[in-house]
Amino acid sequence: MKFKERLQSVKEWLLGDASDLFFYLLIIVLVNIAASQFYIRSDLTKGDVYSLSPISKELVQGIDAPLTIKVFFSHDLPAPYNSVERYLKDILEEYVRVGGKDFTVTFYDMDDADSKSSASDYGIAPVQIQEIKSDQFQSRSAYLGLAIIYGDGIEVIDQITNSSGLEYRLTTTMQKMVAAVDALHGITGKPMLTLYLSKSLGAFGIKGFDDLEQNVRDAVTQLPPSIRDRIDFRVEDPDAGDIKELSDRYGIQTIHWRASTDQDGKQIPAGNGALDLLLSYGDKSRLIPIGLSQRLFSGYAISGVDNLATRIEETMRALLSNNPAVAYLTGHGELSLADQQQGAAPLQQLLSDMYELKELKTGEDGNLTIPDNVSTLIINGPKTEISEKERYTIDQFLLRGGNLVLFLDPYQVNQPTAYGQPPSYTPIETGLEDQLSAYGIDYKRGYVLDNEAYSQRDPQYGDIKIYWAPLLSGKSLSKESPITKNLGEMITLQSGTFIIPDETENSDDITTKVILSSSQKSWLMDKNIMLNPMGMVPPGDEKLQSYPLALSLEGSFSSAFPAPPKEETTEEEKQALDTASQITTSIAKGRIAVAATSLLTTPQLLDPSSSNSNAAFVHNLVDWSTGNDQVIPMRTKGLGRHKLLSTSPEVRNLIKGIAMGFIPLLIIIAGLFVWRLQRSRRRAIEERFSGGAHHV
């Protein structure tokens, strides 16, 4: 009897209101238990700020040796350091979640003396920060660093005071450490080294020809074991009918000869052959050129086999690495990488986290040689002519799949020789202007002036617009290009502009994008150059328009040269063999990024220690050109802060009125609606219990 009563009591409790709270709590507990077994995470921020980029995931998933991150970050820090600590923990948890068992992260308690000693061992010292306690500013020491350990290498990232770009710093640092240990990290399959060698060339008594194959085999055996064991080598004697295809596809050097007789009087029919060394992996390939030079008195000799093992190794790293070498052209008045005041020293400092800039200078013989391991060539602010031979080398480099980053100035600024005189401006002619026209774009000389420009405060005249320093944001930054997609506000200085012909815009072979442009309130000063804001009057609206300030071009280009520059040769030097290695159309897609001012790389506009949009733009240009597209979104996370639109006072008052009055109005309307419902309900109840009669 008692059991039935208890059962009935439990049943009534379960069906009654008293058990509701219990069931709510039970559901919450069960949901948490289920959630702990199935990890679900969603990043709703624009640009997935709190999620790892694909390149970061690819890196940590491919690590096959222990990599440890030791974090020395103090707790209970004031803002903004506490948010940096939270972000650091979140992003490292993401690395751990994606990485395998070889990726570990250790957080140290920085209140512990042993932890402080460990931080000191890695060169991480406390820094002084300020906080407000008891309504007073106080200073305290805090640790804000971490150490990354991989193999025998240790890299330290110290003074982490900002979460912006932190994933970029972590990933690129780990990337360099992994690449330093294993050049072939993350690849599947073996790269193929192919020596294209037409045996028929042996009839010409070329010195070194018979030893060439063995020389290449010897060079392969001299490679480090980590590379030598993961490379295949073969020798191919191509059919005469396949040589043109090889030349068109890879740029293989072809050699033609006329009918002749050899030293023994044997007839040699006219023909052609191939001679070059090609390293390929998947759909990527790079040539390691083998030369054919004329000897002093007669005959030919194989050249370009010196330091062959080193060339193969460097080419291998360039082919597979995400951080290939970048060359920087000098000798034509380009901005100096050593000049901290007015040169491009900030550019070198900015790119040093991923690239090593190698200065490239034309030899005394007038020949420009671009090393095999270089994938991108930067030409920054040349002031004098670049010779035809040099430009031809640059042209062939591009058509072989190389990439160009160009910063071109419209004028040479000549400082006045006497006090009170204004500077003068001399048009710059380098020859690159015509070369760009052959690739599909025209460089338009002149300074772009913009009403949307930087303003300088003058104590006498107030705000003065510097019209030749346009402020770029919104539509001025292309949202279709990864270079500028996530950038905020930028500023340029003394920019020229470009013209894109219709045939280039409609081309199927080349994709052209305007990545920077001035506002619609711009005009061009191309005569009587005088940069004095006090004397400038913007033209009427009918003469204002937007001008391109930077472009990106990608695709298959045609050579800017109908034939190689002629070499002066004597009749005695004109012998039977005729090498023909000119490439007329791209054998691999190339990229050109071109900006209309070199001042973007100078201290005037570039702060390499900052994560602002100007610095990100210049770095992105080089990243995009070298094919490191995946790095760009990682670096620009959080940079694209939205700027308030410029509106009239009437619009601002309207928005202000809506913001102040709309919500209270909604509350009043909702209150009236509820009051009407309650009143109707009260009347219905009164009518129900009064038999339809209303009480007075």
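Our structure is the block above this text.
All figures in this text were calculated on a predicted structure; none of them were measured in a lab.

Novice: With reference to specific residues and values, describe unusual backbone geometry.
Specialist: Geometrically, the link from Ala79 to Pro80 is a cis peptide bond, its omega value of 5 degrees lying close to zero. Structurally, Pro80 can be placed in the loop between strand 1 (67–73) and helix 4 (81–98). We note that Asn307 has phi near 50 degrees; this positive angle belongs to a residue other than glycine. Here Asn307 shows up in the loop between strand 15 (300–303) and helix 10 (308–320). When its relative accessible area of 61% is taken as the criterion, Asn307 is described as exposed.

Novice: Kindly report on the packing of helix 12 (residues 388–399) against helix 13 (residues 432–439), identifying the contributing residues and their values.
Specialist: As a packed pair, helix 12 and helix 13 sit with axes 11 Å apart at the nearest point and diverge in direction by 30 degrees. By the angle between their axes, helix 12 is roughly parallel relative to helix 13. Considering how the two elements wind past one another, helix 12 and helix 13 form a crossing that is right-handed. Residues Arg391, Ile394, Asp395 and Leu398 of helix 12 pack against Leu432, Gln435 and Tyr439 of helix 13.

Novice: Now, about the pairing of strand 17 (residues 357–360): what can you tell me, with residues and values included?
Specialist: Two faces, one strand: in a regular strand the side chains alternate between the faces of the sheet. Alignment of strand 16 (residues 325–329) against strand 17, held across 4 bridges, turns out to be parallel. Residue pairing across strands places Tyr328 opposite Glu359, the latter belonging to strand 17. Handedness of the strand 16-helix 11 (residues 345–351)-strand 17 crossover: right-handed.

Novice: Explain a positive patch on the surface to me, using residue names and the numbers behind them.
Specialist: A cluster of like positive charges, contributed by Arg676, Arg679, Arg682 and Arg683, occupies part of the molecular surface. Mapped onto the elements of the fold, Arg683 is located in helix 17 (residues 649–689). Residue class for Arg683 comes out partly exposed when judged on its relative accessible area of 43%.

Novice: Just give me the short version of the packing of aromatic side chains, but keep the residues and values in it.
Specialist: One pass over the full model with this rule turns up 11 aromatic pairs. Ring plane angle 85 degrees and centroid distance 5.6 Å describe the contact between Tyr392 and Phe561, whose orientation is recorded as edge-to-face. Here the residue Tyr392 occupies a position in helix 12, and Phe561 occupies one in the loop between strand 30 (548–555) and strand 31 (577–580), the gap between them amounting to 169 residues. Owing to a relative accessible area of 14%, Tyr392 belongs among the buried residues under this scheme. Between Tyr443 and Phe498, the ring centres sit 5.4 Å apart and the planes meet at 65 degrees, which makes this aromatic pair edge-to-face. Taken as a pair, Tyr443 in strand 22 (residues 442–444) and Phe498 in strand 27 (residues 497–499) lie far apart in primary sequence, 55 residues in all. Given a relative accessible area of 12%, Tyr443 falls into the buried group. Take Phe498: its relative accessible area is 3%, and that puts it in the buried class. An aromatic cluster is present here, built from Phe72, Tyr108 and Tyr122 joined pairwise through their rings.

Novice: Summarise the sheet that holds strand 26 (residues 490–491); cite the residues concerned and give the values.
Specialist: Within a sheet, neighbouring strands are paired by backbone hydrogen bonds and run either parallel or antiparallel to one another. Within the open sheet, the 3 strands sit side by side as 24-25-26. Their pairing is antiparallel. Both edges of this open sheet fall to strand 24 (453–458) and strand 26, since each of them pairs with a single strand only. In this sheet, strand 26 lies alongside strand 25 (residues 462–472) in antiparallel orientation, the contact comprising 2 bridges. Among the inter-strand pairings, Leu471 is bridged to a residue of strand 26, identified as Ile491.

Novice: How would you summarise the sheet that holds strand 18 (residues 374–380) if you had to cite specific residues and measurements?
Specialist: On the basis of which strands lie adjacent, the open sheet formed by 7 strands has the order 17-16-18-19-32-30-28 and mixed pairing. Taken across any chain shown, the strands that pair with only one partner, and hence form the sheet edges, are strand 17 and strand 28 (510–517). Taking the axes of each pair of neighbouring strands and ignoring which way they run, one obtains an average angle of 20 degrees across the sheet. Pairing geometry for strand 16 and strand 18, over 4 bridges, is parallel. Within strand 18, the position partnered with Ala327 by the bridge is Leu377. Where helix 12 meets the sheet, it contacts strand 16, strand 18, strand 19 (403–407) and strand 32 (590–595), and its direction lies at approximately 135 degrees from that of strand 18. Strand contacts of helix 13: strand 18, strand 19, strand 28, strand 30 and strand 32, with the helix running at about 130 degrees to strand 32, the strand carrying the most contacts.

Novice: Run through the nonpolar core, naming residues and quoting values.
Specialist: One finds Tyr328, Leu351, Ile378, Leu449, Met490, Leu516 and Phe617 to be the most contacted residues of the largest nonpolar core, which totals 59 residues. Per element, the largest residue contribution to this core is 7 residues, and it comes from helix 15 (residues 613–626). Those residues in contact with Leu516 that lie beyond four places of it in its chain are Leu472, Ser476, Leu477, Thr484, Met490, Thr492, Tyr547, Pro548, Leu549, Ala550 and Phe617. Formed by 33 residues, the second largest nonpolar core is a distinct cluster that contains Ile370, Ile394, Phe397 and Leu432.

Novice: Outline the side chain of Asn620, supporting the account with residue identities and numerical values.
Specialist: Along the polypeptide, Asn620 turns up in helix 15. Here Asn620 is in contact with Pro482, Ile483, Leu487, Ile632, Arg635 and Thr636, once residues within four sequence places are set aside.

Novice: Please set out the side chain of Ser495 residue by residue, giving values where relevant.
Specialist: Mapped onto the elements of the fold, Ser495 is located in the loop between strand 26 and strand 27. We classify Ser495 as buried; its relative accessible area is 1%. Once residues within four sequence positions are removed from consideration, Ser495 is found in contact with Gly446, Tyr447, Val448, Leu549, Ala596 and Thr597.

Novice: Provide a residue-level description of the pattern of salt bridges, including the pertinent values.
Specialist: If charged atoms from side chains of opposite charge come close, those side chains can pair. Under the counting rule described, the total for this entry stands at 15 salt bridges. Between Lys190 and Asp232 there is a salt bridge whose closest N-O contact spans 3.9 Å. Placement of the pair is Lys190 in the loop between helix 6 (166–181) and strand 7 (192–197) and Asp232 in strand 8 (residues 232–236), with a sequence separation of 42 residues. Given a relative accessible area of 45%, Lys190 falls into the partly exposed group. Residues Lys199 and Glu213 are paired through a salt bridge, measuring 3.8 Å at the closest nitrogen-oxygen approach.

Rules used in this analysis
Within every chain, residues take consecutive numbers counted from 1 along the sequence as written. With pLDDT at 70 or above as the cut-off, local features in this predicted model cover only qualifying residues; side-chain atom pairs require 80 or more to be listed or tallied, and sums for whole chains, interfaces and linings still use all residues. Hydrogens and water are ignored here; the side-chain numbers use all heavy atoms of the structure. Secondary structure counts use DSSP, requiring at least four H or I residues in a row for a helix and at least two E residues in a row for a strand, with both numbered from the N terminus. Burial classes: relative accessible area under 20% of the type maximum marks a residue as buried, over 50% as exposed, and values in between as partly exposed (1.4 Å probe, protein chains only). Between N-to-C directions, angles cover 0 to 180 degrees, with each direction set by a line fitted to C-alpha atoms, over the stretch in contact for helices. Working definition: roughly parallel below 35 degrees, roughly antiparallel above 145 degrees, roughly perpendicular at 65 to 115 degrees, and oblique for all remaining angles. Crossings are sorted by hand: turned counterclockwise from the far helix by less than a right angle, the near helix makes the crossing left-handed, and turned clockwise it makes it right-handed. Throughout, a residue-residue contact means that at least one pair of heavy atoms, one from each residue, lies within 4.5 Å. For two strands to pair, DSSP has to find at least two bridges joining them. With strands facing away from the observer, any crossover in which the path from the first strand over the helix to the second runs clockwise is taken as right-handed. Only residues whose relative accessible area exceeds 30% and that form no salt bridge are eligible for patches; like-charged ones are grouped when within 9 Å, while nonpolar side chains (Val, Leu, Ile, Met, Phe, Trp, Tyr) are grouped when within 5 Å. In short, Shrake-Rupley with a 1.4 Å probe defines the accessible areas, and a residue's cover is counted only from the protein chains shown. Salt bridge, as used here, is a side-chain nitrogen of Lys or Arg placed within 4 Å of a carboxyl oxygen of Asp or Glu. The convention is simple: Lys and Arg are positive, Asp and Glu are negative, and His and the chain ends are not counted. By convention, the point assigned to a charge is CZ for Arg, NZ for Lys, CD for Glu and CG for Asp. For this analysis, a ring pair means two rings from Phe, Tyr or Trp (six-membered ring only for Trp) whose centres lie within 6.5 Å, classed as stacked if their planes differ by under 30 degrees, edge-to-face if by over 60, and tilted for the remaining angles. Grouping buried Ala, Val, Leu, Ile, Met, Phe, Trp, Tyr and Cys residues that are joined through side-chain atoms within 4.5 Å yields what is termed a nonpolar core.

Purely geometric stuff here, so don't read any function into it on its own.
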